[in-house]
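This is what each chain is made of:
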Amino acid sequence: MHKDASTLANLLQICITKKLLKVGKLIQAHLHRTNQFSNTFLVNRLTQLYFKCGFNDGALYLFDQMPTKNIFSYHAVLDSCCKSNDVIGAYKVFEQMPERNEVSWNLVIGMLSKNGFKDKALESYYSMRFDGFIPTHFTLASILSVCGSMGYLERGRECHGVAIKLGLHENLFVGNAVMGLYTKCGYIEDAFVVHERLPEHNEVSFTALMEGLFDAGRVDEALDMFRSMHKARSVDQVSLLSVLAVCSFLANSSTEGSCRMHGKQIHGLVVKLGFEADVQVNNSLLDMYAKQRDMNSAENVFISSPEINVVSWNIMISGYGNVYEKDKAIECFKKMQRCGFEPDEITYVNMLSAYLKNVDVEGGLQVFNCMSSPTLASWNAVLSGCLHHNHESEVVVLFREMMLRKITPDCTTFATVLGACSSLEFLQGGKQVHACLLKTEFCTDLYISSGLISVYSKCAKIELAKHVFNMVAPFYDVVCWNSMLAGLSMNSKEMEAFILFQRMLRNGMKPTEFSCATLLNCGSSLTSLPLGKQVHGLILKNGHVADLYVGTALIDMYCKCGEVEKARHFFDIMPFRSLVTWNVMIYGYAQNGQGEVAVNLFKEMIQSGYKPDSITFVAVLTACSHSGLTDVGLEVFNSMQQEHGVVPLEDHYTCIIDSLSRSGRFTEVEDIIDKMQCKDDPIIWEALLSSCRVHGNVRLARRAANELIRLNHTDPAPYSLLANMYSSLDRWEDVKEVRSIMDEYNVSKEPGYSWI
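Everything numeric here is computed off the predicted structure, so don't read it as measured data.

A.B. asks: Looking at this structure, I do not really get the overall build of the protein chain. What am I missing?
C.D. replies: Helix and strand content of the protein chain: 44 helices and zero strands. In terms of overall size, the protein chain is more extended than a compact globule, its C-alpha atoms giving a radius of gyration of 38 Å where 756 residues would be expected to give roughly 27 Å. The burial tally for the protein chain puts 48% of its 756 residues in the buried class. Contacts spanning at least 24 positions in sequence make up 60% of the contacts within the protein chain whose residues lie at least 6 apart. When the accessible surface of the protein chain is summed, it comes to about 37700 Å², and 53% of that surface belongs to carbon and sulfur atoms. Averaging the coordinates of the 69 positive side-chain charges in the protein chain and doing the same for the 82 negative ones gives two points 6 Å apart.

A.B. asks: Sorry, what's going on with helix H40 (residues 666–675) here?
C.D. replies: Owing to its 3.6 residues per turn, the α-helix aligns residues three or four sequence positions apart on the same side. Listed as buried for H40 are Phe666, Val669, Glu670, Ile672 and Ile673. Buried residues in H40, looked at end-on, bunch into an arc of 165 degrees, giving them a common side. With respect to the buried face of H40, the exposed residues turned more than 90 degrees away are Thr667 and Lys675. Where H40 is buried, its residues contact helix H38 (630–644), helix H39 (650–662), helix H41 (682–695) and helix H42 (698–711).

A.B. asks: I'm lost on the packing of helix H33 (residues 548–560) against helix H34 (residues 564–573) in this one. Help?
C.D. replies: Geometry of a packed helix pair, given as the angle between the helix axes and the separation of the axes. Packing of H33 against H34 leaves a shortest axis separation of 7 Å and a crossing angle of 160 degrees. Overall, the two elements H33 and H34 adopt an arrangement that is roughly antiparallel. Considering the relative orientation of H33 and H34, their crossing is left-handed. Across the interface between the two elements, Gly551, Leu554, Ile555, Tyr558 and Cys559 from H33 touch Val564, Lys566, Ala567, Phe570 and Phe571 from H34. Tallied by class, the residues present in the contact of H33 with H34 amount to eight nonpolar, one polar and one charged.

A.B. asks: So what exactly am I meant to see when it comes to the packing of aromatic side chains here?
C.D. replies: In this description, a pair of aromatic rings is defined by centroid distance and the angle of the planes. This structure, assessed with the given rule, holds 12 aromatic pairs. Taking the centre distance of 5.6 Å and the plane angle of 50 degrees together, the rings of tryptophan 582 and tyrosine 610 count as tilted. Here tryptophan 582 is found in helix H35 (residues 579–591), whereas its partner tyrosine 610 is found in the loop between helix H36 (595–607) and helix H37 (614–627), with 28 residues between them in sequence. A residue is classified by how much of its surface remains accessible, and tryptophan 582, at 1% relative accessible area, is buried. For the cation-ring pair, arginine 155 lies above tyrosine 152, with the distance from its terminal atom to the ring centre recorded as 5.1 Å.

A.B. asks: Would you explain the pattern of salt bridges in this entry?
C.D. replies: Note on pairing: side chains with opposite charge can pair once their charged atoms come close. Summed over the entire model, instances satisfying the criterion amount to 23 salt bridges. The closest approach of N and O atoms between lysine 120 and glutamate 123, which form a salt bridge, is 3.5 Å. Taken as a pair, lysine 120 and glutamate 123 lie in helix H8 (residues 118–130) at a separation of three residues, close to a single helical turn. Taking the shortest distance from any N to any O, the salt bridge between lysine 328 and glutamate 325 comes out at 3.6 Å. Sharing partners across several salt bridges, the network here consists of Glu670, Asp674, Arg699 and Arg703.

A.B. asks: Would you explain helix H21 (residues 345–357) in this entry?
C.D. replies: The first and last C-alpha atoms of H21 sit 18 Å apart over 13 residues, in line with the 18 Å expected at 1.5 Å per residue. Buried within H21 we find Thr347, Tyr348, Asn350, Met351, Leu352, Ala354, Tyr355 and Leu356. Looking at the buried side of H21, the elements it contacts are helix H19 (310–322), helix H20 (326–338), helix H22 (361–369) and helix H23 (376–388). Measuring from the side-chain oxygen of the N-cap residue of H21 to the backbone nitrogen of isoleucine 346 gives 3.2 Å; that N-cap residue is aspartate 344. Just downstream of H21, valine 359 is the residue with a positive phi angle, here 55 degrees.

A.B. asks: What should I look at first to understand the packing of helix H11 (residues 172–184) against helix H12 (residues 188–197) in this one?
C.D. replies: Between H11 and H12, whose axes approach to 7 Å, the crossing angle comes to 165 degrees. Considering the angle they form, H11 stands roughly antiparallel to H12. Between H11 and H12 lies a crossing whose hand is left-handed. For the pair H11 and H12, the contacting residues are Gly175, Val178, Met179, Tyr182 and Thr183 in the first and Ile188, Asp190, Ala191, Val194 and His195 in the second. In terms of residue class, the contact of H11 with H12 is made up of six nonpolar, three polar and one charged.

A.B. asks: Where do I start with the environment of glycine 633 in this structure?
C.D. replies: With respect to the helices, strands and loops of the structure, glycine 633 is situated in helix H38. Classification of glycine 633 by relative accessible area gives buried; the value is 1%. Measuring from C-alpha to C-alpha, the distance between glycine 633 and phenylalanine 617 comes to 9.6 Å, with 16 residues separating the pair along the chain. If we ignore the near neighbours within four places in the chain, the residues touching glycine 633 are Leu621, Cys624 and Ile656.

A.B. asks: Is there a simple way to think about unusual backbone geometry in this case?
C.D. replies: Glycine aside, negative phi is the norm for most residues, and most peptide bonds take the trans geometry. For tyrosine 324, which is not glycine, the phi torsion reads 65 degrees and is therefore positive. Structurally, the position occupied by tyrosine 324 is in the loop between H19 and H20. Overall, the relative accessible area of 49% leaves tyrosine 324 in the partly exposed class.

A.B. asks: Explain the side chain of threonine 139 here, please?
C.D. replies: Among the secondary structure elements, threonine 139 is positioned in helix H9 (residues 137–150). Among the polar contacts listed, one links the side chain of threonine 139 to the side chain of asparagine 106, at a separation of 2.3 Å. In contact with threonine 139, other than residues within four places in its own chain, are Asn106, Ile109, Tyr125 and Met128.

A.B. asks: Would you mind showing me how to read the environment of leucine 708 here?
C.D. replies: Along the polypeptide, leucine 708 turns up in helix H42. Sequence-wise, leucine 708 and glutamate 170 are 538 residues apart; in three dimensions their C-alpha atoms are separated by 90 Å. Those residues in contact with leucine 708 that lie beyond four places of it in its chain are Pro682, Trp685, Glu686, Leu689 and Pro718.

A.B. asks: Please explain the side chain of arginine 45 as it appears in this structure.
C.D. replies: Residue placement: arginine 45 occurs in helix H3 (residues 40–52). Arginine 45 has contacts with Leu12, Gln13 and Ile16, leaving out every residue within four places of it along the chain.

A.B. asks: How do you make sense of the nonpolar core when you look at a structure like this?
C.D. replies: In summary, soluble globular proteins display a tendency toward joint burial of nonpolar side chains. Counting residues in hydrophobic clusters, the biggest one holds 234 residues, and the most contacted among them are Ile555, Met585, Ile657 and Leu688. Residues within four places of methionine 585 in sequence aside, it is in contact with Ile555, Cys559, Val564, Ala567, Arg568, Phe571 and Leu601.

A.B. asks: When you look at a nonpolar patch on the surface in this model, what are you seeing that I'm missing?
C.D. replies: A cluster of nonpolar side chains, namely Leu11, Ile14 and Leu20, defines an oily patch on the protein surface of about 210 Å² accessible area. Among the secondary structure elements, isoleucine 14 is positioned in helix H1 (residues 3–18). Classification of isoleucine 14 as partly exposed rests on a relative accessible area of 42%.

A.B. asks: Got a minute to help me understand the environment of lysine 326 in this structure?
C.D. replies: Its location among the elements puts lysine 326 in helix H20. Sequence separation between lysine 326 and asparagine 358 is 32 residues; the distance between their C-alpha atoms is 6.8 Å. Other than its neighbours up to four places away in sequence, lysine 326 contacts Ala354, Tyr355, Asn358 and Asp360.

A.B. asks: Can you walk me through the state of the cysteines in this structure?
C.D. replies: Covalently bonding the sulfur atom of one cysteine to the sulfur atom of another cysteine gives a disulfide. This model, assessed by the stated rule, comprises zero disulfides. As a non-bridged cysteine, cysteine 147 has cysteine 159 as the owner of its nearest cysteine sulfur, 4.7 Å distant.

Analysis parameters
- Residues numbered from 1 in each chain as written.
- Predicted model: local features only at pLDDT ≥ 70, side-chain atom pairs only at ≥ 80, totals over all residues.
- Heavy atoms only, no water.
- Helix = DSSP H or I, 4+ residues; strand = E, 2+ residues; numbered from the N terminus.
- Rg over C-alpha atoms; globule rule 2.2 N^0.38 Å.
- Buried < 20%, exposed > 50% of the residue type's maximum accessible area, 1.4 Å probe, protein only.
- Contact = heavy atoms within 4.5 Å.
- Areas by Shrake-Rupley, 256 points an atom, 1.4 Å probe, with all protein chains shown as cover.
- Lys, Arg positive; Asp, Glu negative; His and termini not counted.
- Charge placed at Lys NZ, Arg CZ, Asp CG, Glu CD.
- Arc of directions from axis to C-beta.
- Axes fitted to C-alpha atoms, helices over the stretch in contact; angles between N-to-C directions.
- Parallel < 35°, antiparallel > 145°, perpendicular 65-115°, else oblique.
- Left-handed = near helix turned anticlockwise from the far one by under 90°.
- Nonpolar A, V, L, I, M, F, W, Y, C, P; charged D, E, K, R; others polar.
- Phe/Tyr/Trp six-rings, centres within 6.5 Å; stacked < 30°, edge-to-face > 60°.
- Lys NZ or Arg CZ within 6 Å of the ring centre and 35° of its normal.
- Salt bridge = Lys/Arg side-chain N within 4 Å of Asp/Glu carboxyl O.
- Expected span 1.5 Å × (residues − 1).
- Polar contact = N/O pair within 3.5 Å; in protein donor to acceptor, adjacent residues only side chain to side chain.
- Core = buried A, V, L, I, M, F, W, Y, C linked by side-chain atoms within 4.5 Å.
- Patch = residues over 30% accessible without salt bridge, like charges linked within 9 Å, V, L, I, M, F, W, Y side chains within 5 Å.
- Disulfide = S-S within 2.5 Å.

Laid out in structure tokens, this is it:
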């Protein structure tokens, strides 16, 4: 090399090290002046300097003007494009290269992997192998990471084999990538084998195993791995973030006390190691405390953090929402803006969640309307929130608005809207959603298909439900089977449900608790004790007998089949009971004429700490009415609002009026009728009219008949009952009057006929 060129090369190296851009420009001028611009080595160094100083335009100009380029010239530009994530530019330079080596391929593969072009990175790896280049540890580490993130286990194993063949399997970077592959693909034991065979480990080695154990649900072992790492070597930021994620997961498990203890210990370690100034670590601490519902500790971390960002505010808002402190979430949101932070979409979604968790749907919708351009995730959040809080009509309205705004729905959107249509029994809406689905790839999605089956079943269109069910064959999952079983049961096609269940078993599908509960309901509707017992045997075989819903359905089945003693035996041995379980058992006694036992069980329920609801009182009052326990029934009825805060509804008035009327206590009946609000319920007046006929109470019978005629003057039943009562008392003039009123309203009684 020329003496002047050697001096310039050394000077350029100093400029690169110290980023002396101005000196570099002077050297460029000198090269032009002394006709040394053809020196590829010097121009390469100058290009490298410009890229390092961020003067990319100058570097690219030099590259374009170079009379002679070598592989290092291309590498300088390629490396710059890769570092700036310019995928298109990097690929363009790569394609122009007259020759390539392992470095060229590694730069491109690493850049593609980093920017999410996983399959393209794999394609480049295979092209590199095809062109005869031997992968390096950088190549294999990148490709193994790609295979792990994509779940390509077999391709990853192939790369592992290549690493062993090339003797790179003991390289730390490759070994860590192999462990990452196996942990992400769920092969944690294979990852342990690789870990044991590595000659050395670093923080990444332990963190990969810890994250794998965490993903496999082995959280205690993940914490043990962190302890081993802490004892063996220093802890870095990534390992702290990983272990804090484990503690955050524990916050949602049953080990709440253990979770808090571990979290506090990790927090202490964060402070001890000096990571309390790291915003990512602090945000992970905030997230952990928020998920533990320990907002006091979260506030302390937030206040003491030297640096906070939008993520920090979002975590705090979400945390307040999760503990139902909507007002604090609102204050945090306002304070965030006062501090100069601009809310992002996650901020608004967290605010929306805070309102919805406090059952303030109107406030949540106001927050949603503040979003200028809500994304699909935001639409799904508001739709799901409205559905969860029984605002199904709002879900339909929002979905229509979403479609008008040209927002493309996804699987979650469709499932939510179908859930709303099912609850509303909105057949037309369900059909419109179905029409939209036919234009998408979600039409055969099993979750969506289950939603469609539910809509058509609820709307009594069981043939359409069967059509949807058959369309997704043979890809049924247990949710689809359960939806179809429930639909058949709902539409009084119990025998078809049993036949479908047999088909489900033949297809190798294991029934769930929901399957068994649905079949028990079918057995109850058919009052078929043999079928019910068969289902009971299957429940015992599959281990679902301890499930609360299955147990309640078993009690209901035995009660409706007249086996109330078996129902009570099962009720007594249940490990857990809900209010529904008590209601079913009480109503079972009422149905089987054991009113006193029903009342005693009702008292036992209250003593056990359960708060009776509206259905409980219907069951008890029915028991009293059917068993002639009029005084007890009246006592229970009077206690509803006074002692238990349950407002009597039409069904309760019907029961007590029927009970009093059967006993001929019509004065008390009239007192109740005069005070009640639900005077437009025909069932109450029908029960009263029937009892008046039995006891010959003409005056009250006439009142009941007049109320029924007022409610529906075309119904022949009240006329016939009143006329029959008059005729039994030989009051023929009154009979004639009733007949004339029937003629006036053009009411005729259809004659009865025999099925024989």
